[in-house]
Structures are given as structure tokens and as C-alpha cells.
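Each chain, written out:
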Amino acid sequence: MQNFVYGNRTKIIFGKGTEKTVGVETAAYAKRILLHHSGGHAVKSGLLDTIKGSLKQASVEWVELSGVKPNPRLSLVYQGVEICKKEKLAFILAVGGGSVIDSAKAIALGALYDGDVWDFYIRKATAAQALPVAAVVTIPAAGSESSISSVITDERGPWKQGVNEECIRPVFSILNPELTYSLPPYQTACGVADMLAHIMERYFTREPHVELTDELCEGAMRAIIRNARKIFNGNGENYDARAEIMWAGSLAHNNLLSTGRIGDWASHAIEHELSALYDIAHGAGLSVIFPAWIKYNIKEDTPRLARFAAKVWGVDGAYYDYEQAALEGIFRMKNFFRSIGLPVSFADLKLPTDRIPEMAQRTVKFGPVGTYKILDAKDVEAIYRIAAEEA
């Protein structure tokens, strides 16, 4: 097990009606804030009116910035940075899913930086400070509500890059599973794929003697799969299932499951090129890439891949050797994704294959990716080919 330091400053406020406490929680940090959201579901559902009422009651003033899209855009981040500097805002409240929270984090970085905020995303600068950020979560998926991560798309490339800085971890996040009842099924499904991928990136490690976090990862993945099936079997307003999914999304990416381990993260880097070039949902890209990544690595550490098949997907090892078990696990994983309406191949997404070599080169622009198996452009291209050729 690796040495580690674990800390998480995010205060989680979880449960029914908790969004009504946002004013009091925010007022403890600032009286003038940026209120950041997509302008879509949060508005139509009436949630934004509830948020504004709570802020007003706590004497918190706000400047509003809407328009966040999936794969959040750098151009809107620039607008937010300008507003925060001009209005001397001291806090950012994100209302929405991972895209809104990631955008808020980027604005928080840029608001206290004299240069271009994109510097942090292209590894030209390291952040030491940011405005405090908080979130009211409407989409369980990215886990950005308690993580140190932010991923932004620069439309000029297009480039999709991430940054990991402790200073952008939210100070508090409000999670009410009831707010997720009205989500379109596809958004729920993409969220499930995203949180499973966050766990798998940590689970597939070369680090031995991580029994506790192995078990935590496996248990979390099983809980996500089991409760997703409940939601998609005609019970979308099952509060308990929604609550399990929502809490799992946070735990999947707050680094608890990383303790003592070295994660991989190649699949995320590979997927980022799909969503950068074709603007697909991140979770949908991951449901295509991750099975292909596992298949490409099947001979690297076959016992761990067989364990993944057994512990997460219920493959009975008595009927298989390790490699057959691992392949059966991939088969069951893809069937699960299909069952909740997700793609598992380029064909499902109607993506062309002519830019695969280019995407492979873009993936490794800062050097090889991954730690489970270090991947160069040739390896990445092979993974794209598997995803393109298999249904």
C-alpha cells in the first residue's frame, strides 16, 4: 500500500428538502456571489426559484450566469471570470450537475489569477488559490461536488483538458435525491457510467495489499449497478435507489477509494478526445471506451480482471479460466450498459472512424497515459479500434 494523506473539506448536506438551507450555508462565506447554472432543468423544475428565495432570505445577493452546456466551454468560463473580477464577487454557487460545477471551479481559479485560466488546464501554471465554490447537485454523475477535479473544453481546439487542485474542492454541497426524479433516463444512465468509470480508474491498479479499498470499490460498483436496475425497471421515483446512486457518485470521486492506490485514468484521457471532437456525453463515451480498454489489457493482469468479473458482475469462476472469466465480465458489463440505454461501440454513437489515428495522437500529447499499462499512441489507437469494431 502506498503512503497517502487523505482529507476532504466538503461538507455534505444530504436528503429531502436540503436545498432550502443553501442561503444560510452560503451566507457563512459571502454576501455577494456568482450564481452559476445551465438555464435548463434547474429553471424549469422551479429549483432555481427555491435557491433564490433561500439566498434572499439569508440576505445574500447574486449575479447570475447561465448557459453551461455538457462538456462545459471555456468561453463561458471567461465570461464568469470577468464578472467575478468586475463585480468583486467572493463566492460561486453552482446549481446543476458536473458540467456546471466544473465550470464554476474553473471560474473560481481564473477569478484570482492574472493570466489566462486555461494555463492551469494545459499545465502551464499550478493553482495555489481559488474563490470558494459550493454546489446544489441535480445530476448524480461526475462527483465534482466533493472532488478536486474540473474538466473544461476549449472550443478553439477543440481540446478537453482537466485540472486537479485541492483549492477547488467545494466547501459544501447539497444533495437531495428528489431533485433527480425528473432527469431524462439517458442523463441518469450517463451518470451511472461516469461514476462506475471513476471507481474502475481507481480499482485497476498494480498496487498490491489494498484489500480494504478493493472491497470498497467492488461493493460500491455492485450497489450502483443494483440500484440503477431498480430505477430503470420502471421505478424512477424510488427515493432509496436514487439516494444510493447519488451518494455513490460522490464517494466514487472524492478520493476515499484512491487511498493507498495508484489509479490508471487512461480511459478518461481516451474518452476526452471523443467528447472533445464529437461533443458526446462523457458517460456515453466511457461506456464505449472502458470495455475496450479492459479487453485490450486482458493479458496484463488476468487474475484482477477475472476478480472484477466475479466480484462485480457475478461471473462464477468455477466454470471459466481467468481469461474466459474476464471476457464474460466484459460481456455482462456491455449488456448492463445496453440495458440502461447506453452505447457500447462507435456504431452505437454513429461515430466515424477516420479520425482514430488523430485522436490517438491527441490523447498522448503530454506523453503516454495510464499506469496499469502505460499506453502510447499505438496502444490508444488499438483501443479505439476495438471500440469501433465491436458491438
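This text gives an overview of the structure that appears in the document. (Residues numbered from 1 in each chain as written. Predicted model: local features only at pLDDT ≥ 70, side-chain atom pairs only at ≥ 80, totals over all residues. Heavy atoms only, no water.)

1. As for the pattern of salt bridges
Oppositely charged side chains are able to pair whenever their charged atoms sit close together.
Move 1: Under the definition given, this model contains 21 salt bridges.
Move 2: Among the salt bridges present, the one from Lys-11 reaches Glu-25, with a minimum N-O distance of 3.2 Å. Note that Lys-11 is positioned in strand S1 (residues 11-14) and Glu-25 in helix H1 (residues 22-27), a separation of 14 residues in sequence.
Move 3: On the basis of relative accessibility, which here comes to 17%, the residue Glu-25 falls in the buried class. (Salt bridge = Lys/Arg side-chain N within 4 Å of Asp/Glu carboxyl O. Helix = DSSP H or I, 4+ residues; strand = E, 2+ residues; numbered from the N terminus. Buried < 20%, exposed > 50% of the residue type's maximum accessible area, 1.4 Å probe, protein only.)

2. Re the packing of helix H8 (residues 211-232) against helix H12 (residues 302-313)
Move 1: Where H8 contacts H12, the two axes come as close as 9 Å, and the packing angle between them is 45°. Looking at the two axes, H8 sits oblique to H12. Relative to H12, the crossing made by H8 is right-handed. Side by side, H8 and H12 meet where Asp-214, Glu-215, Glu-218, Met-221, Arg-222 and Ile-225 of the first sit next to Arg-304, Arg-307, Phe-308, Lys-311, Val-312 and Trp-313 of the second.
Move 2: Partitioned by chemical class, the residues of the contact of H8 with H12 number five nonpolar, no polar and seven charged. (Axes fitted to C-alpha atoms, helices over the stretch in contact; angles between N-to-C directions. Parallel < 35°, antiparallel > 145°, perpendicular 65-115°, else oblique. Left-handed = near helix turned anticlockwise from the far one by under 90°. Contact = heavy atoms within 4.5 Å. Nonpolar A, V, L, I, M, F, W, Y, C, P; charged D, E, K, R; others polar.)

3. Some details on the packing of aromatic side chains
Centre-to-centre distance and the angle between the planes together describe a pair of aromatic rings.
Move 1: By the definition in use, this model includes 17 aromatic pairs.
Move 2: Ring geometry for Phe-204 against Trp-293: centres 5.3 Å apart, planes inclined by 55°, an arrangement best described as tilted. Linking Phe-204 in the loop between helix H7 (185-203) and H8 with Trp-293 in helix H11 (residues 282-296), this pair joins segments that are 89 residues apart in sequence. Judged on exposure class, the residue Phe-204 and its partner Trp-293 are both buried.
Move 3: Seen from their ring centres, Phe-308 and Trp-313 are 6.5 Å apart, and the 85° between their planes marks the pair as edge-to-face. Taken as a pair, Phe-308 and Trp-313 share a single burial class, namely buried. (Phe/Tyr/Trp six-rings, centres within 6.5 Å; stacked < 30°, edge-to-face > 60°.)

4. Digging into helix H3 (residues 47-57)
Move 1: For H3, the set of buried residues is Leu-47, Leu-48, Ile-51, Ser-54 and Leu-55. Buried residues of H3, seen end-on, are gathered within an arc of 125° and therefore sit on one face of the element. Seen from the open side of H3, the exposed residues pointing more than 90 degrees away from its buried face are Asp-49, Lys-56 and Gln-57.
Move 2: Each element contacted by the buried residues of H3 is listed here: H1, strand S2 (32-37), helix H2 (41-44), strand S3 (61-65), strand S4 (92-96) and strand S5 (133-137). (Arc of directions from axis to C-beta.)

5. So, the side chain of Arg-73
Move 1: Looking at the element boundaries, Arg-73 is found in the loop between S3 and helix H4 (74-87).
Move 2: A polar contact is formed between the side chain of Arg-73 and the backbone oxygen of Asn-71, at a distance of 2.7 Å. (Polar contact = N/O pair within 3.5 Å; in protein donor to acceptor, adjacent residues only side chain to side chain.)

6. Section: unusual backbone geometry
Move 1: Between Gly-157 and Pro-158 the backbone carries a cis peptide bond, its omega angle lying at -5°.
Move 2: Checked against the element boundaries, Pro-158 lands in the loop between strand S6 (149-154) and strand S7 (159-164).
Move 3: Phi is positive for Asn-71, close to 55°, though the residue is something other than glycine.
Move 4: Among the secondary structure elements, Asn-71 is positioned in the loop between S3 and H4.
Move 5: A relative accessible area of 5% places Asn-71 in the buried class.
Move 6: Backbone geometry places Lys-350, a non-glycine residue, at a positive phi of 60°.
Move 7: With respect to the element layout, Lys-350 can be found in the loop between helix H14 (346-349) and helix H15 (356-363).
Move 8: The class for Lys-350 is exposed, based on a relative accessible area of 73%.

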